[in-house]
Amino acid sequence: MLSSAQTTPRLLRSPTTTAAAAALKCSSQIITTRKSLISRQTSAVDLAKSFLHRLRRTEPQLNSFLYVPPDEAVLKQAEDLDKKIKNNEELGPLAGVLVGIKDNICTYDMPSTAGSKLLENYRPPYDATAVRKLRACGAIVVGKTNLDEFGMGSTTEASAYQVTANPWDLSRVPGGSSGGSAAAVSARQCMVSLGSDTGGSVRQPASFCGVVGLKPTYGRVSRYGLVSYASSLDVIGCFGSSVADAGILLNSISGHDKNDATSSSREVPDYASQFLEIDDLESKPLKGLRVGVIRETLEDGVDLEVISSVRDAVSHLEELGCLVTEVSLPSFSLGLPAYYILASSESSSNLSRYDGVRYGNQVFGDELNSLYGDSRAQGFGSEVKMRILMGTYALSAGYYDAYYKRAQQVRTIIRNSFKEALDKNDILISPAAPSVAYKIGEKKNDPLAMYAGDIMTVNVNLAGLPALVLPCGFVEGGSKGLPVGIQMIGAAFDEEKLLKIGHIFEQTLQGCSFVPPIVADEWTP
Amino acid sequence: MALTLLRGLKTHSFRLYPSLHFTRNHGVLYFSTKSTQGQTATREKQHTRLKVSSKPESVKFDEISKNYEAVIGIETHVQLSTLTKAFCSCPYNYGSQPNTSVCPICMGLPGALPVLNTKVIEYAVKLGLALNCSLSLNSKFDRKQYFYPDLPKGYQISQFDIPIALGGYLDVDLPVEFGGGHRKFGVTRVHMEEDAGKLLHTGNGNYSQENYYFLLIGIVDLNRAGVPLLEIVSEPDMRTGIEAAEYAAELQRLVRYLGVSNGNMQEGSLRCDVNISIRPIGQLEFGTKVEIKNLNSFSSMSRAIDFEISRQALLHSLGQADEIVQETRLWEEGAQKTVTMRKKEGLADYRYFPEPDLPSVNLSEEYVNEIRDSLPELPEMKRRRYENMGLSMQDVLFLTNDVNVAAFFDATIATGADVKLATNWIMGDVAAYLKNEKLSINDIKLTAHELGELIASIKSGTISGKIGKEILFELMAKGGTVEGLIKEKDLVQIVDPTEIEKIVDKVLANNPKQLEQYRGGKTKLQGFFAGQVMKETKGKANPGLLNKILLDRLNSKS
Ligand SMILES: [Zn+2]
């Protein structure tokens, strides 16, 4: 049965219509929150209560969170904020914003398990830089979200603790590895959330859950406090229910960090200034922008409905004034094997520290080697073990040149081909994933099929580029359809352009409401 | 080597019980500035005194070992004296309470990342240049992966295929008592890396089952984890224990001259692992390589090598060369022998790969030149300069051994002091005082300027050499100036003949009996009279003048 939401979204053809503008102005929860707090329309406590209430109600079905602090801890921060408002004190840009944090990002006041038994009950003595910055901006952390163990997986089923459900259809996966963060924003359990993206772990779940996912340029956001999976690919990314929220969130966590030698010292532009309101738009607001559609991403292996949704979105961009061409990236298919070799190699090293001496359960054996072996065998899940084995193999003497080194060479080729394509285009377009959310358990025993699902996203990590995923339509499935995400890839450190295009695309997309059925009744934007 | 060392070797069911005895006492020529800092290759007073073995085995052994040549290479780890660790801002102080100087980074906590302390690069460049290496302007860090409880991340940040410095050499002047001679030992590479933590309760290096369980309850001290190291790998250019020990001692001197490390072996700031193999003289291929660890002083290094050479030579001569296997052996100071620590089962695969958490290390030519221009005068240059000043090699080696002594000497002669006199004072009374008081030259109150004054005052005849000595001790212990002390104690030498004549006459008049005896032929009494005059003048009479006047008076028949 087709519901109304499944109809192809229409372009809003007369952006000057005031009624439409009024409705769309409020799409940013962060901006709305700020306005209503400052105008005393609502209090931080009331806001927090309504989110906590929804979180408690939906969590038994969704399992997005691995840890939620006692209500009092959250409400205490909201009370403090209300006092500040009462005293007319200056408010941070994220004052009262309720944030979920992926559990592989360290928080000093909450456990940080990275979804692994090895870090069960582990409490870091420090906040990750991104978390520290969020808190300094006035954000309130509502909990730690579920993930595939150490970020390794595309479904969140590889969490050592629980399986998270997709808010659009509880029998489906939310995607991964940041499935908890995506589901939590989708189901309005929090306003925005942080995830991490090594090969698509922010973008693919954003697509599956119908939210906006932003993977920044490598080095834009400090990795300090992000439990390393593959250091040269890992980035902390943002989830929001609007492009504006993801952009404002990025604004608050970006910038050089003296604790991360790979963080960039480039100046951070004010991303928030991008978010024009709809009545400021001209009729062709994206006039002259060159958009390249990556041919290889709309071929065999991609669901036809996904292709058609993305093609519609491309037409939408064309109507907004973009010059659309098709570009070919012949190296595109090389990305997947190169990614899995590099990511596994780095992870095999990064996970060495979980040796049974310091973390997890120690399994005593006859000698030191069996302490390591047995503790790790019991502590790690099978997906993690498989990747450690692959990585260890790829780095071994005699295999290094054939695997690791070759993969690095492929990485250089991919980086160059993206560079070339982005010299000729402002952004590149692809689907965020070859399919919409699939059933829980569907690919659990077919890792290759699951890995293949990462084809759209891994190249972007290899090239270190920023990419924005936003919902662009629906395909049949569930009770109200399943969201499809479009991926926009930009040049390094050009998040600004992605956000601008994404925002205008989102503001002019009509007929779509990306609020999942589980909260549709109570959510009024 | 046979020239310098004799061994008493007994064989007992194919095991060697060494009693390696040095033929001389090496304490003479060298001194240390501080007991904790002062071990130098051949300079420690040997605890084992000379006992030349008359046993026939030792003669036989010398015969055997003559037919073999040892090939020795050394891997040295130098702990850099940066204020903070290599990749975090923790300070490192040797001897602190366990796990008091740690943070998420050096503990390898999840999510923590390394950030390079740029001082490490500066020190590496300094040492690389001082070792005449060519520098890699573009190098990088790599991860060396292995599991051990003292390694919190499961890998060590090191440099693998592109070390920061490559292909240099080290100049060494062998001590005169070991035959002397100049050597150039090749340096293969210098690379930067981080230190590991320490296992507590493993005192003798015996990693037993018991200790392994200790680890599990947290007996790992991570204070040292992440402390910056430079690893210096030598070419296999050394042939004897003395050469090896002198190479290491020169390296110690170098890092101290450069100020990049305190070079202290007992604290582990300078650690040497020795690789050694022997081969029949004339053979080109190398023999099987054995690694020796746990060398806590230069002399133990020299003794361990000589022990190992004898052990291996004996096995060769007994036709049991196949019992020499690739292994790590531990030097046991108590037993004075090496023992198997672990056999190497194939090559360890460290699965090196580029450290993705750190950007590559790029040096500009300007940066390198700036450091090159700022290098101090290095030991080798100093030795050649002192040599050209006419000092003997013994003096040269003594003065250059300690950078502070050399600086003191340089400052003394800068006052215009005679080079030989300055050398004698420093090597004689000053050195003896330092040794007795267990002080470094920087600890004493005497300044180079005052030593120059002292030498000048003696030379000009203002004070006698004897009084000079007295003043010196005062200056070393309490400080002050030569001029002030001379005035304060009224020590100016009496050089006025009439004044001395007066005193001589007074002494002769007061001792008529002795005078009569003298004139009766008991000329030995001259000393008595001289003593009396010195007593009268409180030692200030110029001795030459005094003796001349005294003889005149004694022998005049008035
Ligand atoms: Zn530290």
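Here is what the cut-offs are and how they apply
Residues numbered from 1 in each chain as written. Chains lettered and ligands numbered in written order. Predicted model: local features only at pLDDT ≥ 70, side-chain atom pairs only at ≥ 80, totals over all residues. Heavy atoms only, no water. UniProt positions renumbered as here; feature names shortened; annotations may be inferred. Helix = DSSP H or I, 4+ residues; strand = E, 2+ residues; numbered from the N terminus. Contact = heavy atoms within 4.5 Å. Areas by Shrake-Rupley, 256 points an atom, 1.4 Å probe, with all protein chains shown as cover. Lys, Arg positive; Asp, Glu negative; His and termini not counted. Charge placed at Lys NZ, Arg CZ, Asp CG, Glu CD. Buried < 20%, exposed > 50% of the residue type's maximum accessible area, 1.4 Å probe, protein only. Donors = N, O, S within 2.8 Å, 3.2 Å for Na, K, Ca; no water. Tetrahedral: all angles 85-135°; square planar, octahedral: opposite > 155°, others 65-115°. Pairing = 2+ DSSP bridges. Phe/Tyr/Trp six-rings, centres within 6.5 Å; stacked < 30°, edge-to-face > 60°. Lys NZ or Arg CZ within 6 Å of the ring centre and 35° of its normal. pLDDT = per-residue confidence, 0-100. 1 Å grid on protein atoms, 1.4 Å probe; cavity = no way out; pocket = protein on both sides within 12 Å on 5 of 7 lines; lining within 4 Å. Points joined across faces, edges and corners; volume = space filled by probe spheres on them. Nonpolar A, V, L, I, M, F, W, Y, C, P; charged D, E, K, R; others polar. Core = buried A, V, L, I, M, F, W, Y, C linked by side-chain atoms within 4.5 Å. Expected span 1.5 Å × (residues − 1). Arc of directions from axis to C-beta.

- Labelled according to an unreviewed UniProt entry, chain B appears under the name Glutamyl-tRNA(Gln) amidotransferase subunit B, chloroplastic/mitochondrial, originating from Penstemon smallii.
- Database annotation for chain B, UniProt heading Sequence similarities (unreviewed entry): "Belongs to the GatB/GatE family. GatB subfamily."

- As annotated in an unreviewed UniProt entry, chain A carries the name Glutamyl-tRNA(Gln) amidotransferase subunit A, chloroplastic/mitochondrial and is attributed to Penstemon smallii.

Examining the overall build of chain A
Consideration 1: What chain A contains, in helices and strands, is 17 helices and 13 strands.
Consideration 2: Dimensions along the principal axes, computed over C-alpha positions, put chain A at roughly 75 × 55 × 50 Å.
Consideration 3: The long-range fraction of contacts in chain A, counting pairs at least 24 apart against all pairs at least 6 apart in sequence, stands at 77%.
Consideration 4: When the accessible area of chain A is evaluated, it comes to approximately 18,500 Å², of which 52% is carbon and sulfur surface.
Consideration 5: Here chain A holds 51 positive side-chain charges and 57 negative ones, and the gap between their average locations is 3 Å.

Considering the environment of Leu550 of chain B
Residue and element names in this part refer to chain B.
Consideration 1: Topologically, Leu550 is positioned in helix α17 (residues 543–555).
Consideration 2: Residue Leu550 is classed as buried on the basis of its relative accessible area of 0%.
Consideration 3: Between the alpha carbons of Leu550 and Arg189 there is a distance of 71 Å; along the sequence they are 361 residues apart.
Consideration 4: In contact with Leu550, not counting residues within four places along its chain, are Val504, Leu508, Gln526, Phe529 and Ala530.

As for the coordination of the zinc ion
All names here are of chain B.
Consideration 1: Distances from the zinc ion to its protein donors, namely Cys88 (SG), Cys90 (SG), Cys103 (SG) and Cys106 (SG), fall within the range 2.3 to 2.4 Å.
Consideration 2: Classification of the site at the zinc ion as tetrahedral follows from its four donor atoms and the range of 100 to 114 degrees in their angles at the metal.
Consideration 3: Each donor residue of the zinc ion lies on the same chain, and together they follow the pattern C-x1-C-x12-C-x2-C. Accessibility assignment for this pair places Cys88 and Cys90 in one class, buried.

Here we look at the sheet that holds strand β17 (residues 353–354) of chain B
All names here are of chain B.
Consideration 1: Strand order in the open sheet made by the three strands is β7-β6-β17, with antiparallel pairing throughout. For this open sheet the edge positions go to β7 (155–158) and β17, each flanked by a neighbour on one side alone.
Consideration 2: Relative to β7, strand β6 (residues 142–145) runs antiparallel, the two sharing four bridges. Bridging across to β7, Gln145 finds its partner in Tyr155.

Things to note about the packing of aromatic side chains
Consideration 1: Taken as a whole and judged by the stated rule, the model has 25 aromatic pairs over all chains.
Consideration 2: When the ring of Tyr126 of chain A is compared with that of Tyr224 of chain A, the centres are 5.1 Å apart and the planes differ by 40 degrees; the resulting orientation is tilted. One end of the pair, Tyr126 of chain A, is in the loop between β3 (98–102) and α5 (129–136); the other, Tyr224 of chain A, is in the loop between β6 (212–215) and β7 (235–240), with 98 residues separating them in the sequence.
Consideration 3: Here the aromatic residues Tyr146, Phe160, Tyr350 and Tyr352 of chain B are joined through ring pairs into a cluster of three or more.
Consideration 4: Arg54 of chain A extends its terminal NZ or CZ atom over the ring of Phe51 of chain A, reaching a point 4.6 Å from the ring centre.
Consideration 5: Of note, Lys443 of chain A hangs over the ring of Tyr438 of chain A, and the distance from its end group to the ring centre comes to 4.2 Å.

Structural notes on the confidence of the model for chain B
Residues and elements named next belong to chain B.
Consideration 1: Summarising the model, chain B shows a mean pLDDT of 85, and 85% of its residues fall at 70 or more.
Consideration 2: Counting contacts from residues 1–56, a segment whose pLDDT is below 50, to residues more than four positions away or on other chains yields 136 contacts.
Consideration 3: Contacts from residues 202–215, a stretch scored under 50 in pLDDT, to residues over four places away or in other chains number 27 contacts.
Consideration 4: Predicted as a complex, the structure gets a pTM of 0.88 and an ipTM equal to 0.93.

A few points about empty space enclosed by the protein
Residues and elements named next belong to chain A.
Consideration 1: Counted according to the given criterion, the structure contains six cavities of 30 Å³ or more.
Consideration 2: In this structure, the largest cavity encloses a volume near 90 Å³.
Consideration 3: Among the residues making up the lining of the largest cavity, the classes are represented as eleven nonpolar, two polar and four charged.
Consideration 4: Around the second largest cavity sit 13 residues that line it, and Gly153, Ser154, Ser201, Tyr339 and Asp454 are the ones nearest its centre.
Consideration 5: Here the residues of the lining of the second largest cavity sort into four nonpolar, seven polar and two charged.

Some points on the nonpolar core
Taken as a class, soluble globular proteins show a tendency for nonpolar side chains to be buried jointly.
Consideration 1: Within the largest apolar cluster, 108 residues are counted, with the highest numbers of intra-cluster contacts made by Leu94, Leu134, Leu194, Leu317, Ile429 and Met488 of chain A.
Consideration 2: With eight residues, the top contributor of residues to this core is helix α3 (residues 44–62) of chain A.
Consideration 3: Discounting chain neighbours no more than four positions away, the residues touching Ile429 of chain A are Val291, Gly292, Val293, Ile294, Thr297, Val310, Val314, Leu317, Ile486, Gln487 and Met488 of chain A.
Consideration 4: Counting residues in each nonpolar core, the second largest holds 70 residues, with Ile164, Ile232, Val274 and Leu295 of chain B among its members.

Let's talk about helix α8 (residues 243–253) of chain A
An α-helical turn contains 3.6 residues, so a residue and the one three or four places further along point in the same direction.
Residue and element names in this part refer to chain A.
Consideration 1: Judged by how many residues are buried, α8 sits mostly within the fold: ten of eleven residues are covered.
Consideration 2: Listing the buried residues of α8 in full gives Val243, Ala244, Asp245, Ala246, Gly247, Ile248, Leu249, Leu250, Ser252 and Ile253.
Consideration 3: Where α8 ends, the next residue or the one after it, Gly255, has phi of about 120 degrees, a positive value.

As for the UniProt feature "domain: Asn/Gln amidotransferase" (unreviewed entry) in chain B
Consideration 1: Per the UniProt entry, the sites bearing "domain: Asn/Gln amidotransferase" (unreviewed entry) are residues 407–554 of chain B in this numbering.
Consideration 2: Within residues 407–554 of chain B, the helical portion is 71% and the strand portion 0%, while the C-alpha atoms at the span's ends are 50 Å from each other.

A closer look at unusual backbone geometry
Peptide bonds are trans in most cases, and residues, glycine excluded, mostly fall at negative phi.
Consideration 1: Cis geometry marks the peptide bond from Gly176 of chain A to Ser177 of chain A, where omega comes out at 10 degrees.
Consideration 2: Tracing the sequence through the fold places Ser177 of chain A in the loop between β4 (140–145) and α6 (179–186).
Consideration 3: Even without being glycine, Asn99 of chain B reaches a positive phi, approximately 55 degrees.
Consideration 4: As for its placement among the helices and strands, Asn99 of chain B is situated in the loop between β3 (68–79) and α2 (118–130).
Consideration 5: Judged by its relative accessible area of 33%, Asn99 of chain B falls in the partly exposed class.
Consideration 6: Residues other than glycine seldom take positive phi values, yet Gln336 of chain B does so here, at roughly 55 degrees.
Consideration 7: Within the element layout of this structure, Gln336 of chain B appears in the loop between β15 (327–332) and β16 (337–343).

Details of helix α12 (residues 382–395) of chain A
Consideration 1: Taking 1.5 Å of rise per residue, the 14 residues of α12 of chain A would be expected to cover 20 Å, and the 20 Å separating its terminal C-alpha atoms lies within 8% of that figure.
Consideration 2: Turning to α12 of chain A, its buried residues number three or more, namely Glu383, Val384, Arg387, Ile388, Gly391, Ala394 and Leu395 of chain A. On an axial view of α12 of chain A, the arc spanned by its buried residues comes to 130 degrees, and they lie on one face. In α12 of chain A, those exposed residues whose orientation departs by more than 90 degrees from the buried face are Ser382 and Leu389 of chain A.
Consideration 3: Of the surrounding secondary structure, the elements contacted by the buried residues of α12 of chain A are α10 (335–350), α11 (368–379), α13 (401–424) and α14 (447–452) of chain A together with β6 and β17 of chain B.

Considering the sheet that holds strand β9 (residues 182–194) of chain B
Residues and elements named next belong to chain B.
Consideration 1: Judged by pairing direction, the sheet is mixed, and its nine strands sit side by side in the order β4-β8-β9-β12-β3-β13-β14-β15-β16 without closing on themselves. Pairing within the sheet leaves two strands with one partner each, and these edge strands are β4 (134–135) and β16.
Consideration 2: In the sheet, strand β13 (residues 270–280) pairs with strand β14 (residues 290–295) via four bridges, with the strands oriented antiparallel. Bridging from a neighbouring strand, Asn275 pairs with Glu291 of β14.

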